[in-house]
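Descriptive structure summary
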Amino acid sequence: MQTHTRSPLLASLRAGLALSGLVLAAVVALPARAETLGEVSTVFKLIGPNHKIVVEAYDDPLVEGVTCYVSRAKTGGITGAVGLATDKSDASIACRQVGEIRIKAPLPQQDEVFSERLSILFKRLRIVRVVDVKRQALVYMTYSEKLIEGSPKNSITAVPVGKPIPVK
């Protein structure tokens, strides 16, 4: 009867490979992050940062060559400084072709492509992509929602692709 003895070095190597695979999967699954391009103060606050309107850029993770620009209100003051403020639901979006459009894989008909927390407990800013196959366009909508009650405030934009869009 033959017994297999495992080398501690081989076991450590396998564990390290498994761990690096998990780390890589976690990094790939991370949502896209906003790049802040600028901000404008709208209300002076004596203590803490001012209320602002920020402009952020989001690159579509599945569609190379498309960037969405979002402007939104950001609450200042003491609660804003420590991350406890609830930002207003107002947001505007404009998505544009910023390079050659390359679709990396067939797209879902509708998919949430970005999501960012606007308050510690209740609200998220969401950007959804809808594929308009007939018109060969990508339609992006932004809205914010609360855990308890939804918000009807939204903004929409479209990017013409000019060629068939592969859909899942």
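Quick notes on the rules
Residues numbered from 1 in each chain as written. Predicted model: local features only at pLDDT ≥ 70, side-chain atom pairs only at ≥ 80, totals over all residues. Heavy atoms only, no water. Pairing = 2+ DSSP bridges. Helix = DSSP H or I, 4+ residues; strand = E, 2+ residues; numbered from the N terminus. Axes fitted to C-alpha atoms, helices over the stretch in contact; angles between N-to-C directions. Salt bridge = Lys/Arg side-chain N within 4 Å of Asp/Glu carboxyl O. Buried < 20%, exposed > 50% of the residue type's maximum accessible area, 1.4 Å probe, protein only. Polar contact = N/O pair within 3.5 Å; in protein donor to acceptor, adjacent residues only side chain to side chain. Contact = heavy atoms within 4.5 Å. Disulfide = S-S within 2.5 Å.

1. Brief notes about the sheet that holds strand E2 (residues 51-59)
Overall, antiparallel pairing links the four strands, which are arranged E1-E2-E3-E4 in an open sheet. Unpaired on one side and paired on the other, strand E1 (35-43) and strand E4 (91-103) mark the two borders of the sheet. Geometrically, the sheet is characterised by an average inter-axis angle of 15° between neighbouring strands, direction not taken into account. Pairing geometry for E1 and E2, over seven bridges, is antiparallel. Counterpart to Thr 36 in the pairing with E2 is Glu 56.

2. Focus on the pattern of salt bridges
Considering all chains together, one arrives at seven salt bridges under this definition. Notably, a salt bridge pairs Arg 126 with Glu 112, separated by 2.8 Å at the nearest N-O pair. Of this pair, Arg 126 sits in strand E6 (residues 123-132) while Glu 112 sits in strand E5 (residues 110-117), placing them 14 residues apart in sequence. Connected through salt bridges with shared partners, the residues Glu 64, Glu 100 and Arg 102 form a single ionic network.

3. Digging into the side chain of Thr 142
Checked against the element boundaries, Thr 142 lands in strand E7 (residues 137-146). Here Thr 142 falls in the buried class, since its relative accessible area comes to 1%. Polar contacts involving the side chain of Thr 142 include one to the main-chain carbonyl oxygen of Arg 126, which spans 3.2 Å. Ignoring sequence-local partners within four residues, the contact set of Thr 142 consists of Ala 91, Ser 92, Ile 93, Leu 125, Arg 126, Ile 127, Lys 153, Asn 154 and Ser 155.

4. Quick word on the environment of Gly 162
Relative to the elements of secondary structure, Gly 162 occurs in the segment after strand E8 (150-160). Residue class for Gly 162 comes out exposed when judged on its relative accessible area of 61%. When the C-alpha atoms of Gly 162 and Ile 101 are compared, they prove to be 9.6 Å apart, with 61 residues separating the residues in sequence.

5. Some details on the pairing of E2
Within a regular beta strand, the side chains point alternately toward one face of the sheet and then the other, so they alternate between its two faces. As defined by bridge partners, E2 adjoins strand E3 (residues 63-74) across eight bridges and the pair is classed as antiparallel. Bridged to Val 54 within E3 is Arg 72. Two successive antiparallel strands, E2 and E3, enclose a turn made up of three residues.

6. A word on the state of the cysteines
Tallied over the entire structure, the rule returns one disulfide. Bridging Cys 68 to Cys 95, the disulfide has an S-S length of 2.0 Å. Between Cys 68 and Cys 95, the disulfide has an S-S torsion of 105° and is therefore right-handed. Within this pair, whereas Cys 68 is found in strand E3, its partner Cys 95 is found in strand E4, the two being separated by 27 residues in sequence. Residue Cys 68 shares its accessibility class with Cys 95, and that shared class is buried.

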